[in-house]
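Structure at a glance
Next come the chains, spelled out residue by residue.
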Amino acid sequence: MSQPDRDAPADKPQTSDSSASIESTVADSVLDGKAASVSSAAADSGMGQRVASGFAWVFLNTVATKVITLLSQLVLGWLLLDSHFGVVASVTAICTLANPGNLLSTTSFLSRRPRELHLWINACLWLTLLLSSFGLILTLAASPLLAGRFGESDQFLGCLLIGILGNFVQSITAPYSGVLNSRMAFGFLTRVGVSIFLAQAVISIVLAKLGFGAYSIIIPTTLLGVVRLCLYVGKTGVRPKWGFELSRIRPIVVESGWISAGTFAYLVIAQSNYLGLSWFQSEQVTGQYFFGYTLAVQAVFMLSAGLSAVLMPAFAHVESIERRRGMFASCCRQLLLLTPILCVMQTLAFAPFVRLCFGAEKWSLAITLGVILSAGTMFRVVSFPSQALFVAEGRVRLYAIWMLSWAAVFVTVVLLASGLGSALTVAIAVMVFFAIFDPMTGAMAFRLHGGSLWAAAWMVVKMHAVPVLAAVVSGLVVWLLQQQVAGLVQSDRLGWGLQLIMPLAAPVIYIPLIWLLSRQDFREAKDTVQRLVIGRIMAKVRPRVGESPRVVS
């Protein structure tokens, strides 16, 4: 049986040439619930509860893993040298980009087919295994050449070989992850993810204390990747069956080909800054950049990165294009209310936090880079739900072309900044790139449902304007107070401690500004908190006190 064209939208959207028409259409899809039928409302409520539950689990997983990453990074920052982090950055980038199994995107392919898993899982498993094996053999053969070009440390080649094996295990785990995402088993994924990260952090710290250097990060990642694979196999109950099912390979390759191109572009954007620095700069400089960048992205990734795993299967379950549009627009607005202020708080706290932990000398370059990158992350919000919408609606060709174009721009900018400038130049270039790329990706996602690109771009700019302006104003006020404290307090550690606490006052300024400048978004955020947090708590409390539970519409 031939497969439908996944590159065509499910419904033909109405077009519009003005930003006002786009905004009104999105607003209607989000707010006009009274016009929907009872059955549609019930379906929306059920899917909304599953999405809310899934996001709660993913958010818990992301917060826990980011906290563990942050704490372990701080301890490892004491125990390891910047050159060790440079080795880890280069090895991770090479292993990620060199394995074609990472590009097959079977997780996305299976997440979009919750009712057809039994038809596709075996072919996905075999295809992933073959491509990953090919990548394993190729990178193992090329490892001496790669070590000679990128490696300065005597640990580089050994770390590269272990990292290649770990990346092979990670790539063949992807189909099982797709099955679990499609089943929306986010509770299990959260428990496994947090446990793996915690064990990885503990083992890394122990190995670093014993003097393993860069190996202390690479070895636990590979070992616990095997544990994760075994747990996923046991949970799904899926085993590879004999028989390659050639008839199903072509649809997977055709659809995943475009998704893989987009995934490859995303990996290039995520990793090529490390490779550019390691090509032109020393391992010490690359390690300083890696350390600062890892700390800088914690806030935005805590909110946004795991959201695609929830939204992709959720969008796939929703057949109505209007309901998908409403979910997407509401998600973007809610993220834009939270992320800018968190990024501003992180920017203000970055320098005193690192200095308080390590002193003013060891990671001095990482402090400067981290402050710049933290400020730029406030724009990295809408691209995560946008990518999920592209894939869920089958617009994978457009997504791939869009991502590949921006990846080419990113590589060019990073290579020029690395070769002609320094790590500081690279950080500024990366900040400017994401300030343009992420909002434009959001505009392309809104453009899927009609209207001109410029109208959609103007809409996204207006969505960013109030939260970013309010966050920047709040940050400037706190920064001025920090400067006053720095001038008055004689003790460095006491001054750093006070400066670290002061960013907590930023939300006190930010929330009233949001209420004054955008009361509709403020009310929507308040209603969301009441419905998804307070309402769920009260629904669990009432039966215990003898009251009948009330359905929250």
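What you see is a predicted model; the values in this text were computed from it and never measured.

Definitions and limits used
- Residues numbered from 1 in each chain as written.
- Predicted model: local features only at pLDDT ≥ 70, side-chain atom pairs only at ≥ 80, totals over all residues.
- Heavy atoms only, no water.
- Helix = DSSP H or I, 4+ residues; strand = E, 2+ residues; numbered from the N terminus.
- Buried < 20%, exposed > 50% of the residue type's maximum accessible area, 1.4 Å probe, protein only.
- Contact = heavy atoms within 4.5 Å.
- Areas by Shrake-Rupley, 256 points an atom, 1.4 Å probe, with all protein chains shown as cover.
- Phe/Tyr/Trp six-rings, centres within 6.5 Å; stacked < 30°, edge-to-face > 60°.
- Expected span 1.5 Å × (residues − 1).
- Bend = angle between axes of the 7 residues up to and from the residue.
- Axes fitted to C-alpha atoms, helices over the stretch in contact; angles between N-to-C directions.
- Left-handed = near helix turned anticlockwise from the far one by under 90°.
- Nonpolar A, V, L, I, M, F, W, Y, C, P; charged D, E, K, R; others polar.
- Parallel < 35°, antiparallel > 145°, perpendicular 65-115°, else oblique.
- Patch = residues over 30% accessible without salt bridge, like charges linked within 9 Å, V, L, I, M, F, W, Y side chains within 5 Å.
- Salt bridge = Lys/Arg side-chain N within 4 Å of Asp/Glu carboxyl O.
- Polar contact = N/O pair within 3.5 Å; in protein donor to acceptor, adjacent residues only side chain to side chain.
- pLDDT = per-residue confidence, 0-100.
- Disulfide = S-S within 2.5 Å.

1. What to know about the overall build of the chain
The number of helices and strands found in the chain is 21 helices and 0 strands. Residues classed as buried in the chain amount to 52% of the 553 residues present. Here the contacts in the chain between residues at least 6 apart in sequence split such that 85% fall between residues at least 24 apart. Total accessible area computed for the chain in this model is approximately 24600 Å², and 68% of it derives from carbon and sulfur atoms.

2. Digging into the packing of aromatic side chains
Per the stated rule, a full pass over the model turns up 21 aromatic pairs. Centre to centre, the rings of phenylalanine 410 and phenylalanine 434 are 6.1 Å apart; their planes meet at 50°, and the pair counts as tilted. Placement of the pair is phenylalanine 410 in helix α16 (residues 396-420) and phenylalanine 434 in helix α17 (residues 423-447), with a sequence separation of 24 residues. Overall, phenylalanine 410 belongs to the buried group, its relative accessible area being 1%. Pairing phenylalanine 433 with phenylalanine 434 gives two aromatic rings, centres 5.3 Å apart and planes at 80°, and the pair type is edge-to-face. Under the relative-accessibility criterion, phenylalanine 433 is labelled buried at 6%. Cluster of aromatic residues (ring-pair linked, three or more members): Trp78, Phe85, Tyr274, Tyr289, Phe290, Phe291, Tyr293, Phe358 and Trp363.

3. A short note on the environment of glycine 475
Tracing the backbone through its elements, the reader meets glycine 475 in helix α18 (residues 453-488). Separated by 134 residues in sequence, glycine 475 and isoleucine 341 place their C-alpha atoms 8.1 Å apart. If we skip the residues at most four places from it in the chain, glycine 475 touches Val344 and Leu348.

4. Details of helix α6 (residues 156-182)
Taking 1.5 Å as the rise per residue, α6 with 27 residues should run 39 Å; its terminal C-alpha atoms sit 38 Å apart, in good agreement. Of all the bends in α6, the largest measures some 35° and sits at alanine 174, one to four residues before the proline proline 175. Most of α6 sits out of view: 21 of its 27 residues are buried.

5. Points about α16
A rise of 1.5 Å per residue sets the reference length of α16, with its 25 residues, at 36 Å; its end C-alpha atoms lie 36 Å apart and thus fit the reference within 8%. Taken as a whole, α16 has its buried residues at Val396, Tyr399, Ala400, Trp402, Met403, Trp406, Ala407, Phe410, Val414, Ala417 and Ser418.

6. Considerations on the environment of isoleucine 218
By the element assignment, isoleucine 218 lies in helix α8 (residues 215-236). The buried category is assigned to isoleucine 218, whose relative accessible area is 8%. The contacts of isoleucine 218, once residues within four sequence positions are left out, are Val88, Val91, Cys159, Ile162 and Gly163.

7. Considering the packing of α18 against helix α20 (residues 506-517)
Across the interface, α18 lies against α20 with an axial gap of 9 Å and an inter-helix angle of 145°. In this structure, α18 crosses over α20, and the sense of that crossing is right-handed. Here α18 contributes Val466, Pro467, Leu469, Ala470, Ala471, Val473, Ser474, Val477 and Val478 to the contact with α20, which in turn contributes Ala506, Ile509, Tyr510, Leu513, Ile514 and Leu517. Considering only residue class, the contact of α18 with α20 consists of 14 nonpolar, 1 polar and no charged.

8. Examining the packing of helix α10 (residues 283-296) against helix α14 (residues 364-376)
Here α10 crosses α14 at 40°, and the two axes come no closer than 8 Å. Relative to α14, the element α10 lies oblique. The interaxial crossing formed by α10 with α14 has right-handed handedness. In this structure, α10 uses Val285, Gln288, Tyr289, Phe291, Gly292, Tyr293 and Ala296 to contact α14, whose residues at the interface are Ser364, Leu365, Ala366, Leu369, Gly370, Leu373 and Ser374.

9. Comments concerning a nonpolar patch on the surface
The grouping of Leu469, Val473, Val477, Leu481, Trp515, Leu516 and Leu517 at the surface amounts to a nonpolar patch, some 610 Å² of accessible area in total. At the level of secondary structure, the elements contributing two or more residues to the nonpolar patch comprise α18 and α20.

10. With respect to the environment of threonine 412
Within the fold, threonine 412 resides in helix α16. Distance in space between the C-alpha atoms of threonine 412 and serine 272 is 9.9 Å, their sequence separation being 140 residues.

11. Describing the side chain of threonine 139
In this fold, threonine 139 is placed in helix α5 (residues 117-150). The exposure class of threonine 139 is buried, given its relative accessible area of 7%. A distance of 2.6 Å separates the side chain of threonine 139 from the backbone oxygen of glycine 135, its partner in a polar contact. Engagement of the side chain of threonine 139 in a polar contact is seen with the backbone oxygen of leucine 136, the distance being 3.2 Å. Apart from residues lying up to four places away in sequence, threonine 139 is in contact with Ala98 and Ile164.

12. Details of the confidence of the model for the chain
On average, residues of the chain score 77 in pLDDT, and 74% of them are at 70 or above. Long-range and interchain partners of residues 1-47, a stretch whose pLDDT sits below 50, account for 70 contacts in this model, where long-range means more than four residues apart. Note that pLDDT drops below 50 for residues 544-553; the model gives that stretch 6 contacts with residues more than four away or on any other chain.

13. Considerations on the state of the cysteines
Going through the model one piece at a time under the given rule, you end up with 0 disulfides. Left unpaired, cysteine 331 is separated from the closest cysteine sulfur, that of cysteine 332, by 5.7 Å. For cysteine 331, a relative accessible area of 14% corresponds to the buried category.

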